[in-house]
Amino acid sequence: NEVGFVHPSQLATFHPLEGEDQIASFGGNVQKSTVGTRNISYTGTSKFPLSVEGDTKTSRELSYDRSVFWSGDHKVAISVQALFLLYKTAKSAYLSAYQWYKRLVGSSQHEYYLPYVRETESSSETAEEDRHPLDIEGVENELMNHSKVVVLLSCDYASAWNSRKQVISRKPLKEVYCTELRLSALVISYAPKSEQAWSYRYWLIKLIINGLLNSKEVHLILESESDFVEHIVERSHMNYRAWRHRCWLVNHMSKTQVLNELHRTREWAESHVGDNCCFHYRRFLLLKLHQRARHIGEVDKDISLKFFYRSFENDTKGDEGEFILIWKEELDWNTNLIRHNSGRE
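Numbers given for residues are sequential positions, taken from 1 along each chain in its written order. Local features in this predicted model are restricted to residues whose pLDDT is 70 or higher, and side-chain atom pairs enter the listing and the counts only when it is 80 or higher, whereas totals over whole chains, interfaces and linings include all residues. Based on all heavy atoms of the structure, the side-chain values leave hydrogens and waters out of the count.

Tallying secondary structure elements over the chain gives 12 helices and 11 strands in all. For the chain, with 345 residues in total, the buried portion stands at 40%. In what follows, a contact means two residues having at least one pair of non-hydrogen atoms within 4.5 Å. For the chain, restricting intrachain contacts to residue pairs at least 6 apart in sequence, the fraction spanning at least 24 positions comes to 61%. The numbering of helices and of strands both runs from the N terminus, where a helix is a DSSP run of H or I of at least 4 residues and a strand a run of E of at least 2. Under the scheme applied here, a residue whose accessible area is under 20% of the maximum for its type counts as buried, over 50% as exposed, and between as partly exposed, the area being computed with a 1.4 Å probe on protein chains only.

Here's what the structure looks like:
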């Protein structure tokens, strides 16, 4: 649920006291170790060769180093000193997996043979009995695992995000979407202004909404996503990307939801008067209500607000009359904010 990059001196304070046992996990496998032992062998299932600092290794040979990692309470801490080496290793594994994935997707048979390379006294040679077939599902799992590490270490690595889109497009499953939403939320939690992470989340929400036929489910998704954005902007002020994502959600909201958004953001705006993104969002909500009242479709964003106020000043029929009251209430509220927050006009 949370990833942190910390100094090695801070990492040492996270581990148990000497003599206690701990459960350490890395790569999906859980192992028990004694605290006195520094390294814990990784017994993953990856078969792709890696190149780390000039040495050819497999991911089976990577180790869990307590001076680099800590995991507990659904949180992971990584030493900042190891980030560069981790990134090089993860990127190498990702690129290798992606090359195999492109070959398999382009093949009609969907089966290739990956050779195991073993060192001999004279040279490197491949034994016929060491050849193992690769299926598309296995390569997809490898690609998803390695790309996940890459985006966690480098959140704006566009190629890794795009490769995940390719795999997910072949598996339009609700469970997969939920897993990917959790991953994007994890990345955004420590990189709230990551353009690629927000773009990926927008792509996922769009797929989910297009696949839902029940309007109630769509409304629940929109409310949940709006809550998520509000949680992010509370910790990351002036976050244009987050508010832009929230504006996009409004296009799929019902009138009741738009009114609720207008009401719930008022208190937030009062306590964050310097955050112009929230006021832009409220303006977007009002314009959306205006569109619904007039049924005129898309409204030119360059039209001044005075035009809308004058056009409804003498019209009190139905939704248009309700919109006039909302608009006047908004003007009165803005007037009070200006009076009580000098310098924020």
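Okay, the pattern of salt bridges next. Any Lys or Arg side-chain nitrogen located within 4 Å of an Asp or Glu carboxyl oxygen qualifies as a salt bridge. Following the criterion strictly, the structure yields 15 salt bridges and no others. E140 is the partner of K171 in a salt bridge, and the nearest nitrogen-oxygen pair spans 3.2 Å. With a gap of 31 residues between them, K171 in the loop between α4 (158-169) and α5 (174-190) and E140 in helix α3 (residues 136-153) connect regions that are remote in the sequence.

Take the packing of α4 against α5 next. Contact geometry for α4 and α5: axes closest at 12 Å, N-to-C directions at 170°. As far as their axial angle goes, α5 and α4 are roughly antiparallel. Our pair here, α4 against α5, has a crossing hand that is left-handed. Residues W161, R164 and I168 of α4 pack against V176, Y177, E180, L183 and V187 of α5. The classification used treats Ala, Val, Leu, Ile, Met, Phe, Trp, Tyr, Cys and Pro as nonpolar, Asp, Glu, Lys and Arg as charged, and all other residues, Gly among them, as polar. Looking at the contact of α4 with α5 residue by residue, the classes come out as 6 nonpolar, no polar and 2 charged. As a rule, the C-alpha atoms of each element are fitted with a line to give its axis, helices using only the stretch in contact, and angles between N-to-C directions run from 0 to 180 degrees. An angle below 35 degrees is treated as roughly parallel, one above 145 as roughly antiparallel, one from 65 to 115 as roughly perpendicular, and anything else as oblique. Here a crossing is called left-handed whenever its near helix is offset anticlockwise from the far helix by less than a right angle, and right-handed whenever the offset is clockwise.

In this model, α4 (12 residues) spans 16 Å end to end at C-alpha, consistent with the 16 Å of a helix rising 1.5 Å per residue. Within the span of α4, buried status applies to A160, W161, S163, R164, K165, V167 and I168. For α4, the elements touching its buried residues are α2 (83-105), α3, α5 and α6 (195-211). Helix span is expected to be 1.5 Å times the residue number reduced by one.

This part is about the layout of surface pockets. With a 1 Å grid laid over protein atoms only, a set of points is called a cavity when a 1.4 Å probe fits there but cannot get out and a pocket when it is open yet has protein on both sides within 12 Å along at least five of seven lines; lining residues have an atom within 4 Å of a point. Grid points are joined across faces, edges and corners, and a volume is the space filled by probe spheres set on the points. In this structure, the second largest pocket spans a volume of roughly 400 Å³. As for the second largest pocket, its lining consists of 18 residues, and the residues nearest its centre are C178, L181, I205, I208 and I221. Where the lining of the second largest pocket is concerned, the elements lending two or more residues are α5, α6 and α7 (215-235). Residues belonging to the lining of the second largest pocket are distributed by class as follows: 11 nonpolar, 2 polar and 5 charged.

What follows concerns unusual backbone geometry. If you check the backbone angles, H74 has positive phi at about 65° while not being a glycine. Position of H74 relative to the elements: it lies in the loop between β8 (69-72) and β9 (75-79). At M238, a residue that is not glycine, the phi angle is positive and equals roughly 55°. Mapped onto the elements of the fold, M238 is located in the loop between α7 and α8 (240-250). Residue M238 is classed as partly exposed on the basis of its relative accessible area, which comes to 39%.

In this section: the sheet that holds β8. One open sheet holds the 3 strands; their spatial order is β1-β9-β8, and the pairing between them is mixed. Sheet topology places β1 (2-6) and β8 at the edges, where each strand pairs with a single neighbour. Sheet twist, expressed as the mean angle between neighbouring strand axes with direction ignored, is 15°. Across 5 bridges, the pairing between β1 and β9 is parallel. Only strands that DSSP links by at least two bridges are regarded as paired with each other.

Below, the discussion takes up the packing of α8 against helix α9 (residues 255-271). Across the interface, α8 lies against α9 with an axial gap of 11 Å and an inter-helix angle of 155°. Judged by the angle between their axes, α8 and α9 are roughly antiparallel. Seen from above, α8 lies across α9 with left-handed handedness. Residue-level contacts link W243, R246 and V250 of α8 to V258, E261, R264, T265 and W268 of α9. When its residues are assigned to classes, the contact of α8 with α9 shows 4 nonpolar, 1 polar and 3 charged.

This brings us to the environment of Y240. Within the element layout of this structure, Y240 appears in helix α8. Sequence separation between Y240 and N276 is 36 residues; the distance between their C-alpha atoms is 9.4 Å.

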